[in-house]
Number of protein chains: 2
Amino acid sequence: MKKALLIIFLLCVSIVANAQNSSLLPVPQQVSVGNGRFRLSSTFTVAVKADPGDSILYFAVNRAFQTLNRRTALYFGQQRITAKDASDTCSLIIRVKQKKEAIPGGDESYTLTVTPQNIYLEASATAGALHGLETLLQLVQHDKEGFFLPAVSIQDSPRFVWRGLMIDVARHFIPVDVIERNIDAMAAVKINVLHLHLSDDEGFRIESKLFPELQKKGSYDEYFTQAQIKQLIIYARQRGIIIVPEFDMPGHITGFLAGYPNLSSNPGQTYQPGPRFAFGDKQMGLMDIMKMINSYPTPSFDPSKESTYVFIDKFLGEMAVLFPSPYIHIGADENNGVSWRNNPDIVAFMQKNNLADTHALQAYFVKRVQQILTKHHKRTLGWEELLSKDLPKDVAVQVWTDGTKMNEAARLGHSVIVSKGFYLDLFMPAYTHYQNDLLVGNLPDSVASKILGGEAAQWAEAVDKDNIETQIWPRAAAVAERLWSPYTVNNVDDMYRRLFVISNQLDEIGVQHISNYERGLRRLTNGADMASLKTLTDVLTPLKGYKKLFAKMTSPKSMSYQTAPLTAISDIVFVDSEVKRQFRAAVKSYLDKSNDADATSITTQLKKWLDHRTAMEPMINKGLLDNNINENSKKLYAVAMIGLDAIKLLQNKEKPSADWLKQRLDALDQMKKVYGEVELAIIPEIRALVNQRMDAEPASYPIF
Amino acid sequence: MKKALLIIFLLCVSIVANAQNSSLLPVPQQVSVGNGRFRLSSTFTVAVKADPGDSILYFAVNRAFQTLNRRTALYFGQQRITAKDASDTCSLIIRVKQKKEAIPGGDESYTLTVTPQNIYLEASATAGALHGLETLLQLVQHDKEGFFLPAVSIQDSPRFVWRGLMIDVARHFIPVDVIERNIDAMAAVKINVLHLHLSDDEGFRIESKLFPELQKKGSYDEYFTQAQIKQLIIYARQRGIIIVPEFDMPGHITGFLAGYPNLSSNPGQTYQPGPRFAFGDKQMGLMDIMKMINSYPTPSFDPSKESTYVFIDKFLGEMAVLFPSPYIHIGADENNGVSWRNNPDIVAFMQKNNLADTHALQAYFVKRVQQILTKHHKRTLGWEELLSKDLPKDVAVQVWTDGTKMNEAARLGHSVIVSKGFYLDLFMPAYTHYQNDLLVGNLPDSVASKILGGEAAQWAEAVDKDNIETQIWPRAAAVAERLWSPYTVNNVDDMYRRLFVISNQLDEIGVQHISNYERGLRRLTNGADMASLKTLTDVLTPLKGYKKLFAKMTSPKSMSYQTAPLTAISDIVFVDSEVKRQFRAAVKSYLDKSNDADATSITTQLKKWLDHRTAMEPMINKGLLDNNINENSKKLYAVAMIGLDAIKLLQNKEKPSADWLKQRLDALDQMKKVYGEVELAIIPEIRALVNQRMDAEPASYPIF
């Protein structure tokens, strides 16, 4: 009898623990839930059995220990963990076989075992231990008795070796502290590559000692010094991350040309860093813009002159010493060839060398640069446009727009990094990245063996240092899971549940995604109470795709996005609304089960949306909030009314009349009119209440 | 008739404008309110008539322009202001006679004239123009028609030339980004000196190329590289601020000794950076601590060995090149002489040199160091303990504990910097610093001529990078006004009103004081709704004086404050509660005028406090919030009940019975029991409601 009770007890514990440890993100390879809980107290101690010279490991252990100390406020008696702390009686025992830093392709596996008495973390190499520490921190939970970790046994290693985040620091400069916070966040979700897009038309963002005019004339004084880069590289290494630099060429080089105009294929001009096109004062449509992209004589390096390669050799040689990364990224994207075709010297060079067209000339250029990098002991990486039949096999290809290039490049024997489907600057919800069709399923071995992994990409036309964290986090964590966890981990609702848990953990370690959103709201309300505004903005999301960017770039004022004030609602809100996701879950559940609890929570939320208008109207009348906010606030009020009507029908188990339905659906259609480049995120859920049926979300949204 | 109406209209405008431009902080020397408003629009343009090589001026102008662009979101047509922008038709015309950087004692005056058509900013030197730009930004306001500046004419210059903020980066290391944000905030309130306390027992925080063991063994890897310091110096210069480094000696030097133990007066030992005293595991009282401070053989430099001065010469020589500051601060505080008296060699040295006691020996040491600094073209600055009859006259004295030293040092011919009364780490409300009795009145000319100014001081035993901004800001702005504005500017209520306006402006430019407080609350609620907790913590303030620090330092756990998790309520709340100040203003006004509006706002606030308990109790029952929060929450509830009783009597114009009064006052007295090292800030105001009389606030509070 006692035994039976015990079994039932253990079963319950196991179920509870199961529910509780499932907020891990990314989901580990194998998780076996154990029985009981490891209780954290001030007597918690840590021992490390490893190479005493593994300074990265000790740094990471102390960092995790302090994070735990701060989260629990337990005032641990142990203060700093050193090689002297190796006792078998410690609460947490960490064993690392080999001091070996993180490098894509290195051993990143670890096992983590939590029992009610102890925690054991084991890894063959330093990199795995760092990941295990992050998993350990994600396991910490709280109940009435205090903080604990559920008993569990985890065996973990990544699906892909290259899990990256690209940050464009050229369009808007993103300073050191913001990059550091991104690195902290990356480490928390096991992203191991930070790809810095360091040069573009809009700016050159790194100090060159050999060519100081680069930063002097190309950066408006906003660039990383070499001392800063060295420290950033160390900061990243200490968190298991490598920094891969990108110097975009032969196009996207106005940043280079500001300092060294003679490198240009359009000779005899001077250059100032800035957007590629001057749109002028008239409002332009999408077609005008596409036409311009393909026909504008954007300057490129002159590939016909030997002096170009002398420069590239010296410059990349300097950078190859500065960056320990095995790869250097040379961009090679979006070179339309117009400026080459316009230059008679270059045309003559093509004829002399039997280069049939500018694509062949670009292939020639890439090959020359690849030879230079090989000489400097670096492998070459570039965007998909550098792919050609003759491309040396050791060049890795980053796919960003044409998904078929993934298989093509792999078939040709190139390593592949996938960024198509991972463009964070398109303002798409996390689930679309999570369900990226290039990687969501099982890949044939022949392809899989060539896929290094992928990279979330944050281009910076429409973000600056004050809102970039809100754009990247927590969304990039969904990409991190796609790249780390088995492809069978694929439940969108569960991903979103965990995504907002990790978001709070990132907030705790200092990432500014929530703080910057809230600061943005305080700015908009000018010190007045912001509760009602937040009720509104919590369900507003930026216009998807390039529409938001083009709205600014093509405005009649010909505004440069580099000096535009990114302080409007559309600049500060999250791309994924947590409130929308919670509301969606409740609506889904209610349409499924018709239970009262869901009906109550839905009604409460709808009333909150209705009520926000009461608090907001006087603020608008005082001129505290602008018309875009007013129009969106009116929308939210109207939508909440429709929702309340709809849920009443559902509660009465009535089917709507055709008239009723048409009226509501028409009203919802009218909500498509956009004010201030934001959308009301909860319209699909209101529509579901009206239709009494939840439609699946679209797999993707139009980019233009 | 028309003319009369016009006059009445202008009069009204003038009164409105007067009320509106008064949120300037610090208050300028002279303000004449004009008629009308200058409207900001996207056509706003700026011209600069100045030395085209004045890069600091152009940087500041562009920075202010972007702040304005971001605050107003007007998308100014002009994008970057260069020497080419010098047209007389621009909206804002800036004239600077001489390119001249900020240096204490330089010309900092400016005039700022706003008319409905134009804004004119004029200054003799760059430093004044930078101040004028900050004043201009503080003038920006908003109404139904948009953003504007009221017409006004301002002539301004500071009362004192040295307006400083000292940040202790030794006890807890404060990294570059936090220092940069503090510099931004300092510039906003015209503080012109950043004093960095770079070494102490707990750490050595700057890279030395000559003595690398200093940072290697003295910092736990947390220090500024020379490259970082160079960039910080530039960052500060661009904002009109100089950085004065402090290297504390001959005491407070465990940070030095970790790397170079032979410099010690206690020879033959090894040292690890850490708190001066080991308190052991027993709870110690104040007297025990004071006894220890006076009797503990804390290590000092050995002043009897020539090798000590050889080291200091080389080290300060290196720092003198690194820091352009005309002064170097050598500390010289709290050397109790015990370790000197314990060392027979040092005693013999004293006898040989006719040095009567350790004070004389310290005077000898200081003189030697002053000679070294003179050789390196620097003036010496130190804490008041370095004052002695023979102290060379060019040594400046920073008074921190004994107010009489201000006059004494001035009489002896020394320049004086006042920090007594400006210690931010004592958790005293801003008004006590604002009313600092050393500086609040008119000073006799003989003394005034020697007072350089003052410094707010933020020691870092109990703050780290995550809460230091909340401790410093906005409080340091009250010190800034005391040091800049005429002494006749002295209204505490008005200071507080403006302090919270500036607080929002600092938030807007990125200072993290509000964000870090709110992040701290999110951490405590673990993602749950934090509205009720915030209602409580908005009126909780840290225990005043050293009690909070000692509570940690003397805890039975012998916790080192360097690794203590500073995440409790007492660590994250503001020292000055804005809600308390608003409530106080309402209570004061109501007791004065008995008007219904005040009664309503008081009652609303009291009910909000009452209601917070309803939302909080279930969270506490779930174990989400700890017992200290629970006890303080119960207090707030009880106090709100008393307040509601009291205001009912007042509204009924009843005098309280003796019984009623005794019961309530006793209950309020019982609120003195402290939970979690925080106080309920609104007890004096509740007491005022009960007593039907508002008592003046104490001029100061006990430190121990």
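Residues numbered from 1 in each chain as written. Chains lettered and ligands numbered in written order. Predicted model: local features only at pLDDT ≥ 70, side-chain atom pairs only at ≥ 80, totals over all residues. Heavy atoms only, no water.

**Student:** Can you walk me through the overall build of chain A in this structure?
**Tutor:** Summing up its helical and strand segments, chain A has 27 helices and 18 strands in all. Taken over the C-alpha atoms alone, chain A extends approximately 90 × 70 × 50 Å along its principal axes. For chain A, long-range pairs separated by at least 24 residues make up 76% of all intrachain contacts whose partners lie at least 6 apart in sequence. Approximately 26900 Å² of chain A is accessible, and the part contributed by carbon and sulfur atoms is 54%. In chain A, 79 side chains carry a positive charge and 77 a negative one; their mean positions are 2 Å apart. (Helix = DSSP H or I, 4+ residues; strand = E, 2+ residues; numbered from the N terminus. Contact = heavy atoms within 4.5 Å. Areas by Shrake-Rupley, 256 points an atom, 1.4 Å probe, with all protein chains shown as cover. Lys, Arg positive; Asp, Glu negative; His and termini not counted. Charge placed at Lys NZ, Arg CZ, Asp CG, Glu CD.)

**Student:** Please clarify how the interface of chain B and chain A should be interpreted in this entry.
**Tutor:** Quoted interface sizes are often the accessible area lost when the parts come together. Listed by partner, the interface residues are 51 residues for chain B and 51 residues for chain A. Together, the buried faces of chain B and chain A total about 4600 Å²; carbon and sulfur atoms form 43% of this surface. In terms of surface lost to chain A, no three residues of chain B exceed B:Arg70, B:Tyr75 and B:Arg523, which account for 18% of the buried area on that side. Residue B:Arg523 pairs with A:Glu508 through a salt bridge whose shortest N-O separation is 3.8 Å. Applying the counting criterion to the chain B and chain A interface returns 29 residue pairs in polar contact (both at pLDDT 80 or more). Sorting the residues of the side of chain B that touches chain A by element identifies helix H2 (55-72), strand S6 (141-143), helix H4 (176-188), helix H6 (226-237), helix H18 (492-508) and helix H19 (513-525) of chain B as the ones contributing at least two each. Grouping the amino acids of the side of chain B that touches chain A by side-chain chemistry returns 13 nonpolar, 20 polar and 18 charged. (Buried area = accessible area lost by both parts, 1.4 Å probe. Salt bridge = Lys/Arg side-chain N within 4 Å of Asp/Glu carboxyl O. Polar contact = N/O pair within 3.5 Å; in protein donor to acceptor, adjacent residues only side chain to side chain. Nonpolar A, V, L, I, M, F, W, Y, C, P; charged D, E, K, R; others polar.)

**Student:** Looking at this model, I keep getting lost on unusual backbone geometry. Mind explaining?
**Tutor:** Glycine aside, residues mostly have negative phi angles, and peptide bonds mostly take the trans form. Cis peptide bonds are those with omega within 30 degrees of zero, and the linkage from A:Leu25 to A:Pro26 qualifies with 0 degrees. Looking at where A:Pro26 falls in the secondary structure, it is placed in the loop between helix H1 (2-21) and strand S1 (30-39). A cis amide bond links A:Trp473 to the next residue, A:Pro474, at an omega of 0 degrees. Positive phi, normally seen in glycine, also occurs at B:His252, with a value near 55 degrees. Positionally, B:His252 belongs in the loop between strand S11 (242-249) and helix H7 (254-259).

**Student:** What is the right way to look at the relation of the copies chain B and chain A in this model?
**Tutor:** Two copies of a chain can be linked by a rotation about an axis combined with a shift along that same axis. Mapping chain B onto chain A calls for a rotation angle of 180 degrees and an axial translation of 0.0 Å; the resulting RMSD is 0.0 Å. These values place the two chain copies in the arrangement generated by a two-fold rotation axis. (Least-squares fit on C-alpha atoms with pLDDT ≥ 70 in both.)

**Student:** I keep staring at a nonpolar patch on the surface and nothing clicks. Help me out?
**Tutor:** A contiguous nonpolar patch, built from A:Leu286, A:Met287, A:Met290, A:Ile703 and A:Phe704 and spanning about 450 Å² of accessible area, is present on the exposed surface. For A:Leu286, the location among the structural elements is in helix H8 (residues 286-295). (Patch = residues over 30% accessible without salt bridge, like charges linked within 9 Å, V, L, I, M, F, W, Y side chains within 5 Å.)

**Student:** What am I meant to see in helix H19 (residues 513-525) of chain A here?
**Tutor:** Residue pairs three or four apart in sequence face the same way in an α-helix, which turns once every 3.6 residues. All names here are of chain A. In this model, H19 (13 residues) spans 19 Å end to end at C-alpha, consistent with the 18 Å of a helix rising 1.5 Å per residue. Burial runs high along H19: 13 of the 13 residues are buried. Count one or two residues on from H19 and you reach asparagine 526, which has phi positive near 55 degrees. (Expected span 1.5 Å × (residues − 1). Buried < 20%, exposed > 50% of the residue type's maximum accessible area, 1.4 Å probe, protein only.)

**Student:** How should I be thinking about the pattern of salt bridges in this particular structure?
**Tutor:** Side chains bearing opposite charge may pair, as long as their charged atoms lie close to each other. In total, this model carries 94 salt bridges over all chains according to the counting rule given. A salt bridge links A:Arg581 to A:Glu697; the shortest N-O distance between them is 2.9 Å. Here A:Arg581, found in helix H23 (residues 578-593), pairs with A:Glu697, found in the segment after helix H27 (683-691); they are 116 residues apart in sequence, far enough to count as distant. By relative accessible area, which is 10% here, A:Arg581 ends up buried. The shortest N-O distance in the salt bridge between B:Asp669 and B:Arg687 comes to 3.2 Å. With B:Asp669 in helix H26 (residues 658-670) and B:Arg687 in helix H27 (residues 683-691), the pair connects residues that are 18 residues apart, well separated along the chain. For B:Asp669, a relative accessible area of 34% puts it in the partly exposed group. One salt-bridge network, in which partners are shared between bridges, spans A:Asp168, A:Arg171, A:Asp200, A:Glu202 and A:Glu461.

**Student:** I keep staring at the environment of A:Phe277 and nothing clicks. Help me out?
**Tutor:** Residues and elements named next belong to chain A. Take phenylalanine 277: it is sitting in the loop between helix H7 (254-259) and H8. A sequence separation of 19 residues divides phenylalanine 277 from tyrosine 296, and the C-alpha atoms of the two residues are 7.7 Å apart. In contact with phenylalanine 277, not counting residues within four places along its chain, are Met292, Ile293, Tyr296 and Thr298.

**Student:** Could you clarify how one ought to interpret the packing of aromatic side chains in this entry?
**Tutor:** Each aromatic ring pair is described using two quantities: the centre-to-centre distance and the angle formed by the ring planes. Considering all chains together, one arrives at 57 aromatic pairs over all chains under this definition. Where A:Tyr423 meets A:Trp459, the ring centres are 6.1 Å apart and the plane angle is 50 degrees; that geometry is what we call tilted. Of this pair, A:Tyr423 sits in the loop between strand S15 (416-418) and helix H14 (430-434) while A:Trp459 is found in the loop between strand S16 (451-458) and helix H16 (468-472), placing the two residues 36 residues apart along the sequence. Side by side, A:Tyr423 and A:Trp459 carry an identical accessibility label, which is buried. When the centroid spacing of 5.0 Å and the interplanar angle of 70 degrees are considered together, the rings of B:Phe204 and B:Phe256 count as edge-to-face. Of this pair, B:Phe204 sits in strand S10 (residues 203-204) while B:Phe256 sits in helix H7; the two residues are 52 residues apart in sequence, bridging distant segments of the chain. Classification of B:Phe204 as buried rests on a relative accessible area of 0%. Of the residues examined, B:Phe256 reaches a relative accessible area of 1% and is grouped as buried. Over the ring of A:Tyr309 we find A:Arg368; its NZ or CZ atom is 4.1 Å from the centre of that ring. (Phe/Tyr/Trp six-rings, centres within 6.5 Å; stacked < 30°, edge-to-face > 60°. Lys NZ or Arg CZ within 6 Å of the ring centre and 35° of its normal.)

**Student:** Where do I start with the confidence of the model for chain A in this structure?
**Tutor:** Interpretation of the predicted coordinates at a detailed level should be avoided for regions scoring low in pLDDT. All names here are of chain A. Per-residue pLDDT for chain A has a mean of 93; in total, 95% of the residues score no lower than 70. Confidence drops under pLDDT 50 across residues 5-21; counting only partners more than four residues distant or on other chains, this segment forms 20 contacts. On the interface metric, ipTM, the complex scores 0.93, and its pTM is 0.95. (pLDDT = per-residue confidence, 0-100.)

**Student:** Could you clarify how one ought to interpret the packing of helix H25 (residues 627-651) of chain B against H27(B) in this entry?
**Tutor:** Packed helices, taken two at a time, are described by their axes: the angle between them and the distance between them. Residue and element names in this part refer to chain B. One way to put it is that H25 packs onto H27 with a least axis distance of 8 Å and a crossing angle of 30 degrees. What the angle tells us is that H25 and H27 run roughly parallel. Taken as a pair, H25 and H27 cross one another with a handedness that is left-handed. Here Val639, Ile642, Gly643, Ala646 and Leu650 of H25 lie close against H27, whose contacting residues are Ile683, Ile686, Leu689 and Val690. Tallied by class, residues from the contact of H25 with H27 come to eight nonpolar, one polar and no charged. (Axes fitted to C-alpha atoms, helices over the stretch in contact; angles between N-to-C directions. Parallel < 35°, antiparallel > 145°, perpendicular 65-115°, else oblique. Left-handed = near helix turned anticlockwise from the far one by under 90°.)

**Student:** For this particular structure, what's the right way to read the side chain of A:Arg368?
**Tutor:** Residues and elements named next belong to chain A. Its location among the elements puts arginine 368 in helix H12 (residues 358-375). Polar contacts involving the side chain of arginine 368 include one to the side chain of glutamate 306, which spans 2.9 Å. Setting aside anything within four residues of it in sequence, one finds arginine 368 in contact with Glu306 and Tyr309.

**Student:** It is not clear to me how the pairing of strand S4 (residues 110-114) of chain A should be interpreted in this structure. Could you clarify?
**Tutor:** For a regular strand, side-chain orientation follows a simple rule: the groups alternate between the two sheet faces. Residue and element names in this part refer to chain A. Burial of the side chains of S4 is restricted to one face: Tyr110, Leu112 and Val114 are buried, whereas none of Thr111 and Thr113 on the reverse face is. Taken together, the five bridges between S4 and strand S5 (residues 119-125) define a ladder with antiparallel strand orientation. When the bridges of S5 are listed, threonine 111 appears paired with glutamate 122. Remark: four residues form the turn of the hairpin made by S4 and S5, two consecutive strands paired antiparallel. Summarising the sheet, S4 and strand S7 (residues 146-156) pair through five bridges and their orientation is antiparallel. Bridging across to S7, threonine 111 finds its partner in glutamine 155. (Pairing = 2+ DSSP bridges.)

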